[in-house]
Amino acid sequence: MLKSIIVDDEQKSRESLKILLEEFCKDVTVLELVKSVDEAIEAIAEYNPDLIFLDIQMQQETGFDLLNKLDKIDFDIIFTTAHSEFAIEAIKFSAVDYLLKPIDITELKNAVKRVEKKKAKTDIKEQLETLLHNFKSENSDNFKLAIPSSEGLLFVNIKNILYCEALSNYTKIHMKDGKAHLITRTLKEYEKMLSRYNFLRIHHAFLINTNEIKKYVKGDGGYVVMSNDSSIDVSKRKKEAFLKAMGQM
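These lines cover the structure that appears in this document, whether it is placed above or below.

Rules used in this analysis
- Residues numbered from 1 in each chain as written.
- Predicted model: local features only at pLDDT ≥ 70, side-chain atom pairs only at ≥ 80, totals over all residues.
- Heavy atoms only, no water.
- Pairing = 2+ DSSP bridges.
- Helix = DSSP H or I, 4+ residues; strand = E, 2+ residues; numbered from the N terminus.
- Axes fitted to C-alpha atoms, helices over the stretch in contact; angles between N-to-C directions.
- Contact = heavy atoms within 4.5 Å.

Our focus in this paragraph is the sheet that holds strand β14 (residues 206–209). Reading across from one edge, β12-β11-β10-β14-β13 is the order of the 5 strands in this open sheet, with antiparallel pairing throughout. Two strands close off the open sheet at either side, each with one partner strand: β12 (180–183) and β13 (199–203). Sheet twist, expressed as the mean angle between neighbouring strand axes with direction ignored, is 20°. The pairing of strand β11 (residues 170–175) with β12 spans 4 bridges and is classified as antiparallel. The residue of β12 that forms the bridge with Thr171 is Ile183. Strand contacts of helix α7 (residues 187–194): β10 (161–167), β11, β12, β13 and β14, with the helix running at about 30° to β14, the strand carrying the most contacts.

Right under this line is the structure:
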């Protein structure tokens, strides 16, 4: 049984989420509904919850304000939000769960199941540190990405990613230091996450960090030489978009 607290400044949102949890997530017990950061701090100290449903924007406060005020975070978090695109981006990069309002029942059940499947909470502190780092970062080059590994999660700076390679339903992430990580996610997922941070899909199998291109060699599609001297083909159908992105048209 997961002991939980709902933190949301809107009474309707708090109560509707409680009803959904009672109806569809029988292994979750809601111990308290609170509407502010200060109330949340008191409830956490009193109940020692396993899970907190945390609204991102609460009047003049944010869920991140709560995290910054806590000395210890030994519970899981599922963020809830109706907006804040940048906040959602930061959450995705840190691999923390979130739910969009109005909350979908299936997504709620799946998020709770992911919490239940966790055997330990050793990653949550670093996940949240990464989330807060990304949220505060003024320079996207400093963004960190959480990638799953056999030992848990690795947190890498996206500027240190050289390129990502599609291997069926897996993605191999090649780092500037020569290391590579095989991830059970598709390249399309990483394209969605990284495309606004100077990463470009130049081939069905490759998503590259354009900051690490050493040179481009012309041809039918041509190919790029990366900073580690590896060569990667540019597909014919991606060539125009590639040259446009590189400012060569």
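There is more to say after this.
Turning to the sheet that holds strand β17 (residues 231–233), a few remarks are in order. Here we have 3 strands laid out as an open sheet, ordered β15-β16-β17, and antiparallel in their pairing. Because the sheet does not close on itself, it has two edges, and the strands there are β15 (213–217) and β17. Geometrically, the sheet is characterised by an average inter-axis angle of 25° between neighbouring strands, direction not taken into account. Sheet topology note: the β15/strand β16 (residues 223–226) ladder contains 4 bridges and is antiparallel. Its bridge partner being in β16, Lys215 is matched across the sheet by Val225.

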